[in-house]
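# Breakdown of the fold
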Amino acid sequence: MTPNLQTARQTETVFRTENLNIYYGNFLAVKDVSIKIPKHCITAFIGPSGCGKSTVLRCFNRLNDLIKSFHIDGKIYYHDQDLYSSEIDPVEVRRQVGMVFQKPNPFPKSIYDNIAFGPRLLGYKGDMDVLVERSLKQAALWDEVKDKLKESGTAISGGQQQRLCIARAVAVQPDVILMDEPCSALDPISTLKIEDLLQELKEQYTIIIVTHNMQQASRASDFTAFFNVQANDKGQRTGYVVEYDRTEVIFQNPMQEATREYVSGRFG
Amino acid sequence: MVPSTNDSQSMNWHRSEASRWLDKGFIGVTGFFGIAVALVLLAIALRVSIDAFPAIQKFGLGFITTSRWNPVENLYGAWPQVYGTIVTSFIALLIAVPIGVGVALFLSEDFLSPRIQRPIVFLVELLAAIPSVVFGLWGIFVLIPLLTPIGKWFHETLGWIPLFNTVPVGPGIYVAGLVLSIMILPIIAAISRDALVAVPLELRQAAYGLGATRWETIFQVILPAAFSGIVGGVMLALGRAMGETMAVTMVIGNANVASPSILAQGSTVSSLLANQFAEASGLQISSLMYAALILFGLTLIVNILAELLVRSVRLKL
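Only a predicted model underlies this, so the values are computations on that prediction, with no experimental measurement involved.

## Some words on the nonpolar core
In globular proteins that are soluble, nonpolar side chains generally tend to be buried together. The biggest cluster of nonpolar side chains holds 76 residues, and the ones touching the most others in it are A:Phe107, A:Phe117, B:Phe63, B:Val175, B:Val179, B:Ile184 and B:Leu196. Here this core takes 13 residues from helix 7 (residues 173-197) of chain B, the largest share from any one element. In this structure, A:Phe107 is in contact with A:Asn114, A:Phe117, A:Thr154, A:Arg168, B:Leu203, B:Ala206, B:Ala207, B:Leu210 and B:Val221, ignoring residues within four places of it in sequence. With 43 residues, the next largest nonpolar core counts A:Leu136, A:Ala167, A:Ile194 and A:Val242 among its residues.

## Topic: the domain arrangement of chain B
Residue and element names in this part refer to chain B. Domain annotation for chain B reports domain 1 (14-57) and domain 2 (61-316). Using only C-alpha atoms to locate each centre, domain 1 and domain 2 end up separated by 31 Å. Contact residues are listed per partner, giving 10 residues for domain 1 and eight residues for domain 2. Both sides together, the interface formed by domain 1 and domain 2 hides about 760 Å², and carbon and sulfur atoms give 80% of it. For the pair domain 1 and domain 2, the number of links is zero salt bridges. For the interface between domain 1 and domain 2, the tally reads three residue pairs in polar contact (both at pLDDT 80 or more).

## Some words on the pairing of strand 4 (residues 42-46) of chain A
Residue and element names in this part refer to chain A. In terms of burial, strand 4 is a largely internal element, five of the five residues being buried. Both faces of strand 4 are covered, namely the face carrying Ile 42, Ala 44 and Ile 46 and the face carrying Thr 43 and Phe 45. Of the strand pairs in this sheet, strand 4 and strand 9 (residues 206-210) are connected by four bridges, and their pairing is parallel. The residue of strand 9 that forms the bridge with Phe 45 is Val 210. Of the strand pairs in this sheet, strand 4 and strand 10 (residues 223-231) are connected by four bridges, and their pairing is parallel. When the bridges of strand 10 are listed, Phe 45 appears paired with Ala 225.

## Examining a nonpolar patch on the surface
Taken together, the side chains of B:Leu300, B:Ile301, B:Ile304, B:Leu305 and B:Leu308 make up a nonpolar region of the molecular surface, amounting to roughly 500 Å² of accessible area. Within the element layout of this structure, B:Leu305 appears in helix 13 (residues 283-316).

## Quick notes on unusual backbone geometry
Phi is positive for A:Glu181, which is not a glycine, with a value near 45°. Here A:Glu181 lies in the loop between strand 8 (176-180) and helix 8 (188-201). Judged by relative accessible area, which is 9%, A:Glu181 ranks as buried. Of note, the phi angle at B:Asn254 is positive, near 55°, even though the residue is not glycine. Along the chain, B:Asn254 turns up in the loop between helix 11 (246-251) and helix 12 (269-276). Overall, B:Asn254 belongs to the partly exposed group, its relative accessible area being 31%.

## Topic: the pairing of strand 2 (residues 27-33) of chain A
Residues and elements named next belong to chain A. Note that strand 1 (residues 13-24) and strand 2 share four bridges and pair antiparallel. Bridged to Tyr 24 within strand 2 is Phe 27. Linking strand 1 back to strand 2 in an antiparallel pair, the connection comprises two residues, with Gly 25 at a positive phi of about 65°.

Rules behind the numbers
- Residues numbered from 1 in each chain as written.
- Chains lettered and ligands numbered in written order.
- Predicted model: local features only at pLDDT ≥ 70, side-chain atom pairs only at ≥ 80, totals over all residues.
- Heavy atoms only, no water.
- Core = buried A, V, L, I, M, F, W, Y, C linked by side-chain atoms within 4.5 Å.
- Buried < 20%, exposed > 50% of the residue type's maximum accessible area, 1.4 Å probe, protein only.
- Helix = DSSP H or I, 4+ residues; strand = E, 2+ residues; numbered from the N terminus.
- Contact = heavy atoms within 4.5 Å.
- Domains from an automatic or database assignment.
- Buried area = accessible area lost by both parts, 1.4 Å probe.
- Salt bridge = Lys/Arg side-chain N within 4 Å of Asp/Glu carboxyl O.
- Polar contact = N/O pair within 3.5 Å; in protein donor to acceptor, adjacent residues only side chain to side chain.
- Pairing = 2+ DSSP bridges.
- Patch = residues over 30% accessible without salt bridge, like charges linked within 9 Å, V, L, I, M, F, W, Y side chains within 5 Å.
- Areas by Shrake-Rupley, 256 points an atom, 1.4 Å probe, with all protein chains shown as cover.

In C-alpha cells, the structure reads:
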C-alpha cells in the first residue's frame, strides 16, 4: 500500500466527539472529550483507574443506555450521524459497533452457536458453517476448536474464550470493534496472541481498545488517548482527556508533563 | 526480618486444642444431621412399604388400573385417584408455569423501579405463606360460584369434546386444578426469579453488545441460562401440587370416578388418604398405604425426569 493511500484511509473519521460530557444522574463522570477516531486504525485509551475510559468506550455503542441515570451532553458523530439523536435505534448501533468485554463472556451454548448467535439475530441467510469457520479463522481460533464446535463455549481456556468472543463480534461483520481491557484477565501468551490478532483485524475493522497495559498500547495501537482524573471540591472524580495523538508521540514526545509521567510509569 | 520480642509475645501461631476440636466437632454434627435427614426419608418409605405389603400382595399392579373402593368386600383400586392427581397437577402446571415465569421475568428485569419492585416481590412470596385450608375455603365460597357458570358455558358450547362432557355441579377437577395453580404460582415465581437474577450481567451485556433487543436477550440468552433453575422451581411446585391435600379435598368433590371431563368431580391420592384414614382398618389401611406409596413413586419419577431434562439441555447448550 502506498503511503499516500494509507494517509487517505487514515484521515477518514469513524467517530467524532464534540465537547462530550457524560453524567450519571448529577454526577459528571467524564468531561469535555473532543476526539476523532480514524478508520481502520487501532486507537488505545489509557489512563489510571476511574478516569472514564470504559465509560467513553461504552458511549460508542450506546451500551451505557442500559444504565438508567446515564445521560450525555455534547455530541458524538458516527460517520457524520448524530449517534444520540432520537431517530437512532441503539440496537442498530450495536449491530455495527461490536464489543469485546474485559472478562470473557461466551454464552453457555456451543462454540458454533456462540458465533452463529449474532448472524441469526440479523437473519443471516448464507451458509452458516462457512461464516462460523471464517469468523473463527479471523480470530485465530479455528485450528484449536475445529474438532469441538459442538462443545460448550465455556469449556475452553480463558484465552480461547476471549478469542471466541472476538470471533463472535466479528461474525456480524461490524464496522467497529470496541475492546474493554480484553487482555486483563489473560496470561501473557494469550495476550500476545490477541495483540497479533488486532493487527490483522484492523485491516477490516476500526478498533478502539481500553487498556491498563501501557506496553500493549505502545505495541499495538496507532493512536493513543491519555485520560486522567481530577477531583472537585466535593470529592467527585471526573475524568478528562489529557492528550490525544499518534501513539509514538504520546509515548516518546508527549506535550503534557502528566502524560510523560504516566507513560514512563512514574504515576498511575 | 526477625519480629521484635514484643510482637512475638503478642502473637500466638499455635491453634488451641479447643479450636481444632471445634472444627472436627462441627464437621461431625453437620454430617450427622445430613445423614439423619436421608435416614428419615428411608425410614418413612420403608414403613409405608411394609404397611402396604398386604395390599400389594392381594391386588398387585391391578391396584393402579381398577377403580373400586369397596370396604364391604375389601376390594380396592386407586385408578381414579392416580388419574385425578396427575390431571389436577397438570392443569395447575399448565396455568402456573407461564404466569409464574412471566411474573419472575417481570420482577427480575428493570421494568419497575426498585421501590415498587421490592414490595411486589415480597407480596408474591407471601402468597406461598397462606395456609392451604384458607385456599380451600376461598375455593368453596368464592371460586366455585364464580367458575360454575363458566363451566356450564363450556359444557353447553363445547360439550361434544370429552374434556367438557359433564355438567358442572360445583366442585370438580378444574376447580382443584385452578386452586392448585394459585398455590404453586409463588413457588415457581420466586425460584425462577432467583435463577434469572443469578444470570451474570456479562451475558446480558454480550447479547446487547451483539445488537440483540431486550426480548431477544431474554428469550435467547437469559431464559436458557436460567433454565435449570426454573425447572427446579417447577418440579418443586409439581411436588407440592401432587401432595397438596386440604385445599384439593375441599374443592374436588371426592368422587371415586376417573372422568375424561375436567368439569367432573374426582379425587386425588392425597384427598383419598385424608377422607378415608379415620375410619379405615385392616386391608383398607394397607390399601391407603399402597396409594401413598404410589404417590411417593410418582413424585420420584417426576424428579428423575426433571433431572434428565435439565441434563440433556445442559449437554445441548
